[in-house]
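# An overview of the molecular structure
Now for the letters of each chain:
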Amino acid sequence: MGISYSTYLANADRTREAGATLGRLLFAAQLSQPLTIYLEGELGAGKTTFVSGMLHAMGHAGPVRSPTYTLVEPYEFKRADGTTLNAIHMDIYRLTDPSQLEELGVRDMLVAGTVLLIEWPSQASGFLPQADMHIQLDYDAANAGRNLQINVHSSPAVQLLQTLQWQYSTSP
């Protein structure tokens, strides 16, 4: 079922825009199950910048900071039809033991209408829900931009990625 999409992002603004495109799609989607998105890349690759674009496109007005020290930052968005979309941004880089996820209540977060955005999922291999979408951001030193690779592994994520590909292929 896995399909993928890749593109080059010339700067932080393009990284934020790519995140915003995905955020608009997520905001419009009716998620009958939780959606788990892994975000990977070296320090400074743009993971939080991408998430910032997503969250602002969903309706968050304030700053988006990496939850490196808090580990979890929840966001709630009300749609015009009265339904709620929850986004939970996690940065688990500083976990010393993957079992600490139990203390964070990750299982309780797995409800319909929730998007889990998990930075550094490799820190808790085997303790996280399976990824519906895997986002890889790699710094391209030669061009001073980022390479974005998105792989999807579930039906809802496939539908989102197909829409994302269509939007990017038809934009100027």
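What this report covers is the structure whose coordinates are included nearby. (Residues numbered from 1 in each chain as written. Predicted model: local features only at pLDDT ≥ 70, side-chain atom pairs only at ≥ 80, totals over all residues. Heavy atoms only, no water.)

## Notes on the nonpolar core
- Counting 34 residues, the largest nonpolar core has Leu26, Ile37, Phe50, Leu55, Leu117, Met133 and Ile135 as the members making the most contacts within it.
- With sequence-adjacent residues up to four places away left out, Leu55 is seen in contact with His60, Val64, Tyr75, Phe77, Ala87 and Leu117.
- Counting residues in each nonpolar core, the second largest holds 16 residues, with Leu71, Val106, Leu116 and Ala124 among its members. (Core = buried A, V, L, I, M, F, W, Y, C linked by side-chain atoms within 4.5 Å. Buried < 20%, exposed > 50% of the residue type's maximum accessible area, 1.4 Å probe, protein only. Contact = heavy atoms within 4.5 Å.)

## Considering helix H2 (residues 47–58)
- Here H2 contains 12 residues, and its C-alpha end-to-end distance of 17 Å stays within 8% of the 16 Å for a straight helix at 1.5 Å per residue.
- Among the 12 residues of H2, 9 are classified as buried, and the element is accordingly described as predominantly covered.
- Buried within H2 we find Lys47, Thr48, Phe50, Val51, Ser52, Gly53, Met54, Leu55 and Met58.
- A positive phi of about 125° marks Gly59, the residue just after H2. (Helix = DSSP H or I, 4+ residues; strand = E, 2+ residues; numbered from the N terminus. Expected span 1.5 Å × (residues − 1).)

## Let's talk about the side chain of Glu119
- Assignment of secondary structure puts Glu119 in strand S5 (residues 114–119).
- Salt bridges are absent for the buried Glu119, whose nearest opposite-charge side chain, Lys47, sits at 4.7 Å. (Lys, Arg positive; Asp, Glu negative; His and termini not counted. Salt bridge = Lys/Arg side-chain N within 4 Å of Asp/Glu carboxyl O.)

## Focus: the packing of aromatic side chains
- For the structure shown, the criterion picks out 2 aromatic pairs.
- Look at Tyr93 and Trp120: their rings are 4.6 Å apart centre to centre, the planes differ by 55°, and that puts the pair in the tilted class. Pair noted here: Tyr93 is in the loop between strand S4 (84–91) and helix H3 (100–104) and Trp120 is in the loop between S5 and strand S6 (133–140), with a separation of 27 residues, a long-range link.
- Judged by its relative accessible area of 33%, Tyr93 falls in the partly exposed class.
- Using a relative accessible area of 16% as the deciding quantity, one classes Trp120 as buried.
- One Lys or Arg, Arg79, reaches over the ring of Phe27 and ends 5.6 Å from the middle of that ring. (Phe/Tyr/Trp six-rings, centres within 6.5 Å; stacked < 30°, edge-to-face > 60°. Lys NZ or Arg CZ within 6 Å of the ring centre and 35° of its normal.)

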